[in-house]
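A closer look at the structure
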Amino acid sequence: MKHRPRKGYWKLTGCIVLLVFAVLAGVAAWYETDRRKECQKELWNVSQQLEDYQHSVYVAAKMLPKGTILTEENTQRVIRTLEQNEDCFLSEEDLGKAVICDIPEGVCLLKLMVTEKEQQYREVFLAEVELPGHLLTGDRIDVRIRYANAEDYVILSDKLLLSCEQGAGMVLPMTEEEILLFSSALADYGEYEHTRLYAVKYPEFHQTEESGVNYPAALEILKMLEAPAAEEKERKELEKRLEENRYD
């Protein structure tokens, strides 16, 4: 003879089920609360990082043709989130300088885009420099020389790429001194076998300081630049090492 389940049994089962649901709901609520706290913490961290990259910068208030003298009227101060070093941006002290290239309206103004009015820049086409495939007009680059013995030097530092074409060459704004330095490097390129002239791009979204020029130019160029005796000694030592490597 079968016995019917007693009411007490069903009540107990119902209580257990409710208790399980209550525990699960509590765990879910705790997890959701903890997840929200983590999200809020992560959001706060991101907002703090964004604040670190906010800068008060000058932008072109209108199209600025090459040679335009920067003034309060043709520039505008705005807040922008940028990952470049603050020292790269134009400051109030740079007003009165001339831009070395055409600058479209709204573009953030960098120190490498301007020059003192009395300092003369020329647009020089360089065909001998190896160009990475990802270079674009407006990039910051160094031009370096590497010899067969693995010695590597900076010839031109933190230059604004005015234009470039793979397989053809690039155009850079250069002072007379920089032209002389590159002419020396070009002579080395032809004199010493397996020497490379190549361009290196600065990371676009990193706070990278400009490189220091350390290329020891030819003695004739150093004399024209009235360089100190220490640089002439460095050049002679380099030529000695290169000659030794030539006959190894």
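Above this text is the structure in question.
Residues numbered from 1 in each chain as written. Predicted model: local features only at pLDDT ≥ 70, side-chain atom pairs only at ≥ 80, totals over all residues. Heavy atoms only, no water.

**Quick notes on the overall build of the protein chain**
Check the secondary structure of the protein chain and you find 4 helices and 10 strands. Counted from the first residue to the last, the protein chain has its helices and strands arranged as α-β-β-β-β-β-β-β-β-β-α-β-α-α. Within the protein chain, counting contacts between residues at least 6 apart in sequence, those at least 24 apart form 66% of the total. (Helix = DSSP H or I, 4+ residues; strand = E, 2+ residues; numbered from the N terminus. Contact = heavy atoms within 4.5 Å.)

**A closer look at the side chain of N74**
Within the element layout of this structure, N74 appears in the loop between β1 (54-60) and β2 (75-81). Polar contacts involving the side chain of N74 include one to the main-chain amide nitrogen of T71, which spans 2.8 Å. Setting aside anything within four residues of it in sequence, one finds N74 in contact with V59, A60, A61, K62, L64, T68 and I69. (Polar contact = N/O pair within 3.5 Å; in protein donor to acceptor, adjacent residues only side chain to side chain.)

**Here we look at the sheet that holds strand β5 (residues 122-126)**
The antiparallel open sheet is built from 3 strands, whose spatial order is β5-β9-β8. What marks the edges here is a single partner per strand, and that holds for β5 and β8 (163-165). Each strand of the sheet is rotated relative to its neighbour by a mean of 25 degrees, with strand direction disregarded. Docked against the sheet, helix α2 (residues 176-191) engages β5 and β9 (169-174), running at close to 140 degrees with respect to β9. (Pairing = 2+ DSSP bridges. Axes fitted to C-alpha atoms, helices over the stretch in contact; angles between N-to-C directions.)

**Describing a nonpolar patch on the surface**
Among the surface-exposed residues, I16, V17, V20, F21 and L24 lie close enough to one another that they form a single nonpolar patch of about 480 Å² accessible area. Residue placement: V17 occurs in helix α1 (residues 7-52). Residue classification places V17 among the partly exposed residues on the basis of a relative accessible area of 38%. (Patch = residues over 30% accessible without salt bridge, like charges linked within 9 Å, V, L, I, M, F, W, Y side chains within 5 Å. Areas by Shrake-Rupley, 256 points an atom, 1.4 Å probe, with all protein chains shown as cover. Salt bridge = Lys/Arg side-chain N within 4 Å of Asp/Glu carboxyl O. Buried < 20%, exposed > 50% of the residue type's maximum accessible area, 1.4 Å probe, protein only.)

**Looking at a negative patch on the surface**
On the surface, a cluster of negative charge is made up of E72, E73, E92 and E93. Summarising the element assignment, E73 is placed in the loop between β1 and β2. Using a relative accessible area of 69% as the deciding quantity, one classes E73 as exposed. (Lys, Arg positive; Asp, Glu negative; His and termini not counted. Charge placed at Lys NZ, Arg CZ, Asp CG, Glu CD.)

**Quick look at α2**
Between its first and last C-alpha atoms α2 spans 23 Å; for 16 residues at 1.5 Å apiece the expected length is 22 Å, and the two agree. If you check which residues of α2 are buried, you get E178, L180, L181, F182, S184, A185 and D188. (Expected span 1.5 Å × (residues − 1).)

**A look at the pairing of strand β6 (residues 140-146)**
Burial of β6 is extensive: 5 of the 7 residues sit out of reach of the surface. Where β6 meets strand β7 (residues 152-160), 6 bridges bridge the pair, whose relative direction is antiparallel. Paired with R144 across the two strands is V154, which belongs to β7. The hairpin formed by β6 and β7 contains 5 residues between the paired strands, and A150 there has a positive phi angle of roughly 80 degrees. Sheet analysis places β6 next to strand β10 (residues 196-201), joined by 6 bridges and oriented antiparallel. Residue pairing in the sheet places I141 in a bridge with K201 of β10.

**A look at the nonpolar core**
If you look at the biggest cluster of nonpolar residues, it comprises 32 residues, and the most contacted ones within it are L126, V129, V143, I155, M170, L172 and Y215. Sorting the residues of this core by element identifies β5, β6, β7, β9, α2, β10, α3 (219-224) and α4 (229-246) as the ones contributing at least two each. Of the residues forming this core, the biggest block, 4 residues, is contributed by α2. Contacts of I155, omitting those with residues within four sequence positions, involve V143, R144, I145, L181, F182, A185, L197, V213 and Y215. Counting residues in each nonpolar core, the second largest holds 23 residues, with L95, L109, L110 and M113 among its members. (Core = buried A, V, L, I, M, F, W, Y, C linked by side-chain atoms within 4.5 Å.)

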